[in-house]
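A closer look at the structure
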Amino acid sequence: MKTVRIAGVPEHFNLPWHLCIENGEFDEVDIDLQWTDVPEGTGKMCQLLRDGETDMAVILTEGIVRDIAGGNDSSIVQVYVQSPLIWGIHVDAKSDYQQLSDLENKKVAISRMGSGSHLMAIVNAENQNWNTQNLQFEIVNTIDGAVEALSTGVADYFMWERFMTKPLVDKGIFRRIADCPTPWPCFVIAVRNEFLKNNKHVVEQILEIINNTTIEFKNIPSIDRTLASKYNQKQEDIQEWLKCTRWSQKKLDKPSFEKVQNQLFELNLIDKKLDYESVTK
């Protein structure tokens, strides 16, 4: 058995991986795929890849492109989710903030520097023509940390995937005042280059198995009920999420890569541009 370590967020996007593991599909080809949930998100997964503590990661596109540009010796082998990630912009339900313009020059809670919540806060500020130099950040690590930061006034708003934060909105803890979709495919699969070089066939087998599952994922009987139960969601919210989510079985194309990289460069989040061929394998 070949042991392979993979990391991802504990969110509905990644249920296909858990189904494959539970069904023994990787075991059948002598792969012991060991999944690690990373609630802290992309910034933490970038660190795990850098430190050699995971071999693969299902990770936000903009986060891994930025980290590879910053020296992370990893490559993007495939797009995992083609559709945009819809970032909800949340405030404490009891706050006076009612519209997006109220948040200009206010402090944003982020999971960590280099995370999606950090990068998309800058993208959102740019979209609103705010001065991105005025952005202030409060590192909160997880959603629970964000709840505490917003309720105590340590931070003013928090951006996170809108469906995963919907239960907090329904409970009256957060109020969502706007959405900010990513202008590119949201999740890719990244692999450490050292691991990829020595285990190319193993990576190909893993991709083949997960791709066969994501192609059929929406057709699994009662998948909406399974997702709603596992991720503490309302069934109607999951059905809406399934309608707008498209998995991918293809490489990251050059126009999408350039779009991410150009945006990061314009926002001074990377200081050099990389060749498409050096990042995608």
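Residues numbered from 1 in each chain as written. Predicted model: local features only at pLDDT ≥ 70, side-chain atom pairs only at ≥ 80, totals over all residues. Heavy atoms only, no water.

Some words on the sheet that holds strand E3 (residues 56-60)
Here five strands make up an open sheet; going across it, the order is E2-E1-E3-E10-E4 and the pairing mixed. Pairing within the sheet leaves two strands with one partner each, and these edge strands are strand E2 (31-37) and strand E4 (74-81). The mean angle between the axes of side-by-side strands here comes to 25°, regardless of whether they run parallel or antiparallel. Strand direction decides the pairing type here: E4 and strand E10 (residues 187-192), joined by six bridges, are antiparallel. Its bridge partner lying in E10, Ser75 is registered against Val191. Here helix H2 (residues 42-50) sits on the sheet in contact with strand E1 (2-8), E3, E4 and E10, set at roughly 150° to E3. (Pairing = 2+ DSSP bridges. Helix = DSSP H or I, 4+ residues; strand = E, 2+ residues; numbered from the N terminus. Axes fitted to C-alpha atoms, helices over the stretch in contact; angles between N-to-C directions. Contact = heavy atoms within 4.5 Å.)

Topic: the packing of aromatic side chains
Tallied over the full model, the rule gives eleven aromatic pairs. Pairing Trp87 with Trp160 gives two aromatic rings, centres 6.4 Å apart and planes at 85°, and the pair type is edge-to-face. A residue pair is termed long-range when its members are at least 10 positions apart, and Trp87 in strand E5 (residues 86-92) and Trp160 in strand E8 (residues 157-161) qualify at 73 residues. Considered together, Trp87 and Trp160 belong to a single accessibility category, that of buried residues. Between the aromatic rings of Phe217 and Trp247, the centroid separation amounts to 4.9 Å while the plane-to-plane angle is 65°, which identifies the pairing as edge-to-face. Here the residue Phe217 occupies a position in the loop between helix H8 (200-216) and helix H9 (223-230), and Trp247 occupies one in the loop between helix H10 (235-244) and helix H11 (254-266), the gap between them amounting to 30 residues. Three or more aromatic residues link up through ring pairs in this structure, and these residues are Phe13, Phe187, Phe217, Trp241 and Trp247. (Phe/Tyr/Trp six-rings, centres within 6.5 Å; stacked < 30°, edge-to-face > 60°. Buried < 20%, exposed > 50% of the residue type's maximum accessible area, 1.4 Å probe, protein only.)

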